[in-house]
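# Understanding the architecture of this molecule
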Amino acid sequence: MKRREFVGGLAATAGLAGCAKSEGECSPDASTTSFEWSCVTSWPPKFPGLGMAVENLADRLERASGGRLKIKVYGGGELVPAFEVFDAVSRGAVEMGHDASYYHKGKVDAAQFFTAIPFGLNYMELNAWLHYGGGLELWRELYEPFNLMPFPCGNTGVQMGGWFNKEINSIDDLKGLKMRIPGLGGEVLRRAGGTPITLPGAEIFTSLQTGAIDATEWVGPYNDVSFGLHKAARYYYYPGWQEPGPGLECIINRDAWKSLPADLQALVEITCQSISVDMAAEYTNGNANSLQQLMADPKVELRAFPDEVLQHLKSITAEVVAEMMARDPAANKIGEAFYEYLEKQEVNSRISEKAYLDTRIG
Ligand code: CA
C-alpha cells in the first residue's frame, strides 16, 4: 500500500512549466507536469563531499529541468534513519535515496561489489566497469526485486587506511586492535585478530579521543580534517586497502521512475553521471589541500602500512569474498564478473596509470 504514497507528491501543474514557444513544439506530457520528490540520505545534512553531492544533484536537476523536477533532500535521521534509505525508497515512502550500496550488507550482500571491495577496483576502473563493462546491468538486475533503479552517483576516490593511536609495525599489531571499520574490511580485520566496530560518522571523534576505540577509518584527508580526527589520533596510515574507490548510489523507486517523462529520465541519468565526475574532482582537490595541512601539523605522523600487513589483509580478503560468493548465488554471479574485470584492468593499469605514476613520482 505504502508503495503508492509517493503519487501524492506528483504535482500536476499544467501550463506552469515547459513550452514557452508556440504549441506543438514540445510534447505536453514532457513539459507540463512537474514533480516534487523527497530524497533521503545516509549523510549528515550538507556534509562536505558526501552530503553536498546529493544537494548538488537536486540543484542541478531543478535548474536543468526548468523547475519540473524538484528534489527535497533530507540528511540521515531527518526523515528516516541513516541506514534505512534502501527500505524507505524500496517501499515507496519516498521517491529517491542517496547512500552507499555496501550499507545493504546482510540484506543484499552482492550490492557491496558496486561500492567497494577491499583490494578491488579503484574509481576509474569501477566507473569503467559500471558504465561500459556490464556492471550497471548486473546492479539493476540485483535491485529489481526491491523495486529500485540504481544510478552510480559519486565516488570519493581511494581512501586512507585511517587514524591510529597504536603503531602498526607487524601483523601481530592488528591483534586486539579496536577499530571503527565497517563492511567487508571490518570482517577482514576481525579474522586478523582485531575487533571491528561500526559507528555512525557523528560518534567517531569522541570514541577515538576517549580511547573507546584504538583506530578508525573514515574517508580521506578532506573529510577526516572536517571531523577533526587529527586531533584525536597520532598516526595516519595509508593506503585505504579497505575502500580503494567507493562509489555512491542514487536509488529511485521504480514506480516513481516510470512516472517520469523520457526527457526527465534522461536528465536524471546524465545528472547522476555529472555528480560522479564532479565529486571525484572535489575529493582529489580537497584531499590534496587537506593533506598539506596535515603534513604541516607536528602532531600528525603519516605512515605507510608495512607490506607484510597489506599482503596478509589481502589474502584474508580473498577468503572472505570467496565465502560470500559460495553462500549467495547473486554474489557469485556479480563477483565473477567483478574479478574477471579486475584482472583485465590490472594488466591495463600496470602499463598505464601505475607505470606513469611510478615514473613521475617514484
Ligand atoms: Ca571509509
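About the criteria used
Residues numbered from 1 in each chain as written. Predicted model: local features only at pLDDT ≥ 70, side-chain atom pairs only at ≥ 80, totals over all residues. Heavy atoms only, no water. Helix = DSSP H or I, 4+ residues; strand = E, 2+ residues; numbered from the N terminus. Rg over C-alpha atoms; globule rule 2.2 N^0.38 Å. Buried < 20%, exposed > 50% of the residue type's maximum accessible area, 1.4 Å probe, protein only. Donors = N, O, S within 2.8 Å, 3.2 Å for Na, K, Ca; no water. Core = buried A, V, L, I, M, F, W, Y, C linked by side-chain atoms within 4.5 Å. Domains from an automatic or database assignment. Contact = heavy atoms within 4.5 Å. Pairing = 2+ DSSP bridges. Axes fitted to C-alpha atoms, helices over the stretch in contact; angles between N-to-C directions.

## Looking at the overall build of the protein chain
- Of regular secondary structure, the protein chain possesses 13 helices and eleven strands.
- For the protein chain, whose C-alpha radius of gyration is 22 Å, the value lies close to the compact-globule estimate of 21 Å for 362 residues.
- Considering only C-alpha atoms, the protein chain reaches an extent of 70 × 45 × 40 Å along its principal axes.
- Counting the 362 residues in the protein chain, one finds 51% classified as buried.

## Examining the coordination of the calcium ion
- Coordination of the calcium ion by the protein comes from Q159 (OE1), E217 (OE), E217 (OE), W218 (O) and E243 (OE), over a distance range of 2.2 to 2.8 Å.
- All donors of the calcium ion belong to a single chain; written as a sequence motif, their spacing is Q-x57-E-W-x24-E. Neither residue differs from the other here; E217 and W218 are each classed as buried.

## Quick word on the nonpolar core
- Counting residues in each nonpolar core, the largest one holds 53 residues, and the members touching the most others are F113, W129 and F164.
- Element by element, the count of residues in this core is highest for helix α11 (residues 307–327), at eight residues.
- Counting contributing residues, this core receives three or more from each of domain 1 (2–23 + 34–154 + 244–285) and domain 2 (159–242 + 299–322).
- Not counting chain neighbours up to four residues away, the residues in contact with F113 comprise L126, W129, V321, M324, M325, A331, I334, G335, F338 and Y339.
- Judged by nonpolar contacts, the second largest core, of 50 residues, contains F35, M149, V219 and Y283.

## Focus on the sheet that holds strand β9 (residues 235–238)
- Strands sit in the order β7-β6-β8-β5-β9-β11 across an open sheet of six strands; the sheet is mixed. Sheet topology places β7 (195–197) and β11 (301–304) at the edges, where each strand pairs with a single neighbour.
- Alignment of β9 against β11, held across four bridges, turns out to be parallel. Bridge pairing in β11 places Y235 opposite E301.

## A few points about the sheet that holds strand β4 (residues 148–155)
- Spatial ordering of the open sheet is given by β2-β1-β3-β10-β4, a layout of five strands whose pairing is mixed. A strand with exactly one partner marks an edge of an open sheet, and here the two such strands are β2 (69–74) and β4. Here the average twist between neighbouring strands, direction ignored, is 25 degrees.
- Two elements, strand β3 (residues 96–99) and strand β10 (residues 247–253), share four bridges in a ladder whose sense is antiparallel. Across the sheet, the residue bridging to D99 is E249, located in β10.

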